[in-house]
Amino acid sequence: MKIYVVEKEKLKKALKDQRVCLTTDTWTSIQNIKYMLTANWIDEGWNLNKRILNFCQVSNHKDETIGQAIESCLLEWGIDNILTVTVDNASSNNLTIKYLKRVTSN
């Protein structure tokens, strides 16, 4: 656990002031548990960095539920500069993006 905490702090520092591109997808396991993945950015040296920032259980595939989970992840990691969000073609993602625009706009 100590290694995790140290590495998480390193990653938070690496993410500071970066324009982050998020990729998210929600899928349901065979046990009917829903999961979500999020992560990606290019650093000042033009190196592509890919990390899984969050792998959490969500209660459903609804737009606000997914939006809140992404928002929580962004707050946890201190990410406030989103360049893009890539999602699949699920119709709820349109509203998820609208939700994220609303809660992340200054």
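For the structure, see preceding data.
Cut-offs applied
- Sequence positions are assigned chain by chain, starting from 1 and proceeding in written order.
- Totals for whole chains, interfaces and linings use every residue, but because this is a predicted model, local features are given only for residues with pLDDT of at least 70 and side-chain atom pairs only at 80 or more, for both listing and counting.
- Hydrogen atoms and water are omitted, and side-chain values are computed over all heavy atoms in the structure.
- Exposed residues in this analysis have more than 50% of their type's maximum accessible area, buried residues have under 20%, and partly exposed residues fall in between, with area computed by a 1.4 Å probe over protein chains only.
- Put simply, DSSP marks the helices as runs of H or I at least four residues long and the strands as runs of E at least two long, and each gets a number from the N terminus on.
- Strand pairing is defined by DSSP finding a minimum of two bridges between the two strands.
- For this analysis, a polar contact is any N or O atom pair within 3.5 Å, provided that within protein one partner can donate a hydrogen and the other can accept it, and provided that sequence-adjacent residues contribute only side-chain to side-chain pairs.
- Whether two residues are in contact is decided by their heavy atoms: any pair within 4.5 Å suffices.
- Two rings from Phe, Tyr or Trp (for Trp, the six-membered ring) form a pair when their centres are within 6.5 Å of each other. A pair whose planes differ by under 30 degrees is stacked, one over 60 is edge-to-face, and the rest are tilted.
- Working rule: Lys NZ or Arg CZ, within 6 Å of ring centre, within 35 degrees of ring normal, means a charge sits over the ring.
- By this rule, a helix spans an expected 1.5 Å times one less than how many residues it contains.
- When we speak of the arc, we mean the arc of directions from the helix axis to the C-beta atoms.

Chemist: Can you lay out the pairing of strand β1 (residues 20-23) for me, pointing to particular residues and giving the numbers?
Modeler: The side-chain alternation of β1 yields one buried face, formed by Val20 and Leu22, and one unburied face, formed by Cys21 and Thr23. Inspection of the sheet shows β1 paired to strand β7 (residues 82-86) by 4 bridges, in the parallel sense. For Val20, the partnering residue across the bridge sits in β7 and is Ile82.

Chemist: Summarise the side chain of Gln18; cite the residues concerned and give the values.
Modeler: Tracing the sequence through the fold places Gln18 in the loop between α1 (2-15) and β1. When its relative accessible area of 11% is taken as the criterion, Gln18 is described as buried. Side chain to side chain, Gln18 and Glu44 meet in a polar contact 3.2 Å long. Beyond its immediate sequence surroundings of up to four residues, Gln18 is in contact with Trp41, Ile42, Asp43, Glu44 and Asn81.

Chemist: Lay out the packing of aromatic side chains in plain terms, naming residues and giving numbers.
Modeler: What the rule picks out here adds up to 0 aromatic pairs. Positioned above the aromatic ring of Trp77, the side-chain terminus of Lys8 is 5.2 Å from the ring centre.

Chemist: Residue-level account of the side chain of Asn93, with values.
Modeler: Inspection of the secondary structure puts Asn93 in helix α3 (residues 92-104). Judged by relative accessible area, Asn93 falls into the buried class, the value being 8%. Of the polar contacts made by the side chain of Asn93, one reaches the side chain of Asp88; its length is 2.6 Å. The contact partners of Asn93, leaving out residues within four places of it in the chain, are Val87 and Asp88.

Chemist: Break down helix α2 (residues 63-77) for me, with residues and values.
Modeler: Taking 1.5 Å per residue, 15 residues should reach 21 Å; α2 reaches 21 Å between its end C-alpha atoms and fits that length. Ile66, Gly67, Ala69, Ile70, Cys73, Leu74 and Trp77 are the residues of α2 that are buried. Relative to the axis of α2, the buried residues are bounded by an arc of 160° and lie together on one face. Backbone geometry just downstream of α2 places Gly78 in the positive-phi region, at approximately 70°.

Chemist: So what's going on with the environment of Asn60? Which residues, and what values?
Modeler: Following the sequence through the fold, Asn60 ends up in the loop between β6 (54-58) and α2. Along the backbone, Asn60 and Tyr99 are 39 residues apart, and their C-alpha atoms lie at a distance of 16 Å. In terms of polar contacts, Asn60 uses its side chain to reach the backbone amide nitrogen of Lys62, at 2.9 Å.

Chemist: Which residues make up unusual backbone geometry, and what values go with them?
Modeler: A negative phi angle is the norm for most residues apart from glycine, just as the trans form is the norm for most peptide bonds. The residue Asp17 is not glycine, and still its phi comes out positive at about 65°. Among the structural elements, Asp17 can be located in the loop between α1 and β1. Backbone geometry places Trp46, a non-glycine residue, at a positive phi of 65°. Counting through the fold element by element, Trp46 comes out in the loop between β4 (41-42) and β5 (48-49).

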